[in-house]
Amino acid sequence: MNVLQINSSARREASHSTRLANRIVQRLRDADPDATLTLRDLGLKPHPVLDEATLGALFTPASQRTPEQAARVALDDALIAEIQAADVVVLGVPMYNFGVPASLKNWIDAIARAGVTFRYTEKGPEGLLKGKKVYVALTRGGKYRDTPADSQVPYLKTVFSFLGLTDVVFVYAEGLNLGADAEQMAINSAYQQIEEAVHPLAPAKAHVEMAELELA
Ligand SMILES: Cc1cc2nc3c(=O)[nH]c(=O)nc-3n(C[C@H](O)[C@H](O)[C@H](O)COP(=O)(O)O)c2cc1C
């Protein structure tokens, strides 16, 4: 099993979404110790924005690209190759100003490529990243689950489905900025969701202990 982990928090050590994504990966590895992991930290190493020069490079036939254009397309090619090779994709996604981090949007802009990860057919668009499992660890200061203010989940469902990624599990850690008790409850709940969603056959570990460890 090839696992691709995408972190998108701007934070490093203190990031809840990265810790939760790490936990999901850990549980996947508990189930399959031979699983390989490719880690892409978009906060640590941001992917460049889709600008006019990039569009020009993408729409120039490969044989006619300048070295600069070829280098820019190669950056996107690398991200596409990573997700194509993955059986499971694990994302850590904070809410920033009611949306996904710009770093994650840049990643999505890089992997969504016509003819490669999706194509248009007579019957409509077809996603080409099929047969993969996706886990998304969402972290929010407030609480928006199942409300119109949650712009992240509908967006991610739409874009993933467009790319053929239809088996998506969302893990929510909400209310992280609503005080210490609310924060602890949110983390405990997220660990419980991970236990239930990622590794249902394994004996449930003491998720509360794990969550306390995480906050320590
Ligand atoms: C720039 C910025 C914008 C944020 N915007 C929101 C927001 O719109 N809604 C919300 O509930 N929380 C918001 N938060 C809180 C984060 O979602 C929360 O702190 C989360 O834990 C960040 O993820 P991380 O722990 O992985 O870094 C924001 C935080 C930052 C730093």
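Structural notes, computed from the coordinates. Remember, predicted model here, so these are calculated numbers, not experimental data.

## Concerning the site of the ligand
Taken together, 17 residues form the shell around the ligand, and within it S9, R11, S15, S17 and G142 come nearest. A distance of 2.5 Å is found between an oxygen atom of the ligand and a side-chain nitrogen or oxygen belonging to S17. Between the ligand and M95 there is a distance of 2.8 Å, counted from an oxygen atom to a backbone nitrogen or oxygen. Burial of the ligand by the protein amounts to 76% of the accessible area it has alone, namely 630 Å². The site holding the ligand turns out to be the second largest pocket. Of the residues that constitute the shell around the ligand, the class distribution is 6 nonpolar, 9 polar and 2 charged.

## Side note on the sheet that holds strand β1 (residues 2-7)
With parallel pairing, 5 strands are arranged side by side in an open sheet as β2-β1-β3-β6-β7. Either end of the sheet is taken by a strand with one partner, and the two such strands are β2 (36-41) and β7 (167-173). On average, each strand axis in the sheet is inclined to that of its neighbour by 15 degrees, with strand direction left out of account. This element, helix α5 (residues 152-162), spans β3 (88-94), β6 (133-139) and β7 of the sheet and lies at about 160 degrees to β6.

## What about the packing of aromatic side chains?
Scanning all chains against the criterion turns up 4 aromatic pairs. Here the aromatic rings of F98 and Y144 are separated by 5.4 Å at their centres, their planes lie at 70 degrees, and the arrangement is edge-to-face. With F98 in the loop between β3 and α4 (102-111) and Y144 in the loop between β6 and α5, this residue pair connects regions lying 46 residues apart in the sequence. Using a relative accessible area of 47% as the deciding quantity, one classes F98 as partly exposed. Residue class for Y144 comes out buried when judged on its relative accessible area of 18%. Residues F118 and F162 carry aromatic rings whose centres are separated by 4.6 Å and whose planes lie at 50 degrees to one another, so their mutual orientation is tilted. Of this pair, F118 sits in strand β4 (residues 118-121) while F162 sits in helix α5, placing them 44 residues apart in sequence. Members of the aromatic cluster, each reached through a chain of ring pairs, are F118, Y120 and F162.

## Overview of the environment of A186
Along the chain, the position of A186 falls in helix α6 (residues 180-198). Put simply, A186 and D51 are 135 residues apart on the chain and 37 Å apart in space, counted from C-alpha to C-alpha. Apart from the residues lying within four places of it in its own chain, the contact partners of A186 are Y172, A173, E174 and L176.

## Focus on the layout of surface pockets
Here the largest pocket is characterised by a volume of approximately 270 Å³. Taken together, 13 residues make up the lining of the largest pocket; nearest its centre are L58, F59, A112, R113 and A114. Residue assignment for the lining of the largest pocket shows that the elements contributing at least two residues are α2 (52-58), α3 (67-85) and α4. Looking at side-chain class alone, the lining of the largest pocket contains 9 nonpolar, no polar and 4 charged residues. Taken as a whole, the second largest pocket holds about 210 Å³ of empty space. Lining the second largest pocket are 14 residues, with R11, P94, Y96, T139 and L176 sitting closest to its centre.

## Some details on the nonpolar core
In this structure, L91, L104, W107, V136, L156 and F160 are the most contacted members of the largest nonpolar core, which totals 29 residues. For this core, the element with the highest residue contribution is α4, accounting for 5 residues. With 21 residues, the next largest nonpolar core counts V25, L28, V88 and A137 among its residues.

Procedures and definitions
Residue indices begin from 1 for each chain and proceed along its sequence in written order. In keeping with the model being predicted, local features are shown solely for residues with a pLDDT of at least 70 and side-chain atom pairs are shown and tallied solely at 80 or more, while totals for entire chains, interfaces and linings include all residues. Side-chain descriptors were evaluated using all non-hydrogen atoms of the structure, hydrogens and water having been removed beforehand. In this text, near means that some heavy atom of the residue lies within 4 Å of the molecule or strand in question. Between N or O atoms, a polar contact is any pair within 3.5 Å; within protein, one atom must be a potential hydrogen donor and the other a potential acceptor, and residues adjacent in sequence are included only when both atoms are from side chains. For every accessible area listed, the method is Shrake-Rupley and the probe measures 1.4 Å; residues are considered covered only by the protein chains on display. Throughout, the protein atoms alone are placed on a 1 Å grid, and a set of points is a cavity if a 1.4 Å probe fits but cannot get out or a pocket if it is open with protein on both sides within 12 Å along at least five of seven lines; lining residues have an atom within 4 Å of a point. Placement in a cavity or pocket follows one criterion, namely that more than half of the molecule's atoms lie within 2 Å of its grid points. Classes in brief: Ala, Val, Leu, Ile, Met, Phe, Trp, Tyr, Cys and Pro nonpolar; Asp, Glu, Lys and Arg charged; the others, Gly included, polar. At least two DSSP bridges between two strands are needed for those strands to be called paired. Per the convention used, a helix needs a DSSP run of H or I reaching at least four residues, while a strand needs a run of E reaching at least two, with both numbered from the N terminus. Fitted lines through C-alpha atoms serve as axes, helices being fitted only where they are in contact, and the angles separating the N-to-C directions of these axes extend from 0 to 180 degrees. Note on contacts: a residue pair qualifies if any of its non-hydrogen atoms lie within 4.5 Å across the two residues. Any Phe, Tyr or Trp ring, taking Trp's six-membered ring, that has another such ring centre within 6.5 Å forms a pair; planes under 30 degrees apart are called stacked, those over 60 apart edge-to-face, and the others tilted. When accessible area is computed with a 1.4 Å probe and restricted to protein chains, residues below 20% of their type maximum are described as buried, those above 50% as exposed, and intermediate ones as partly exposed. Grid points are joined across faces, edges and corners, and a volume is the space filled by probe spheres set on the points. The term nonpolar core refers to a set of buried residues drawn from Ala, Val, Leu, Ile, Met, Phe, Trp, Tyr and Cys, joined through side-chain atoms within 4.5 Å.

Without other data, these values stay purely geometric and don't point to any function.
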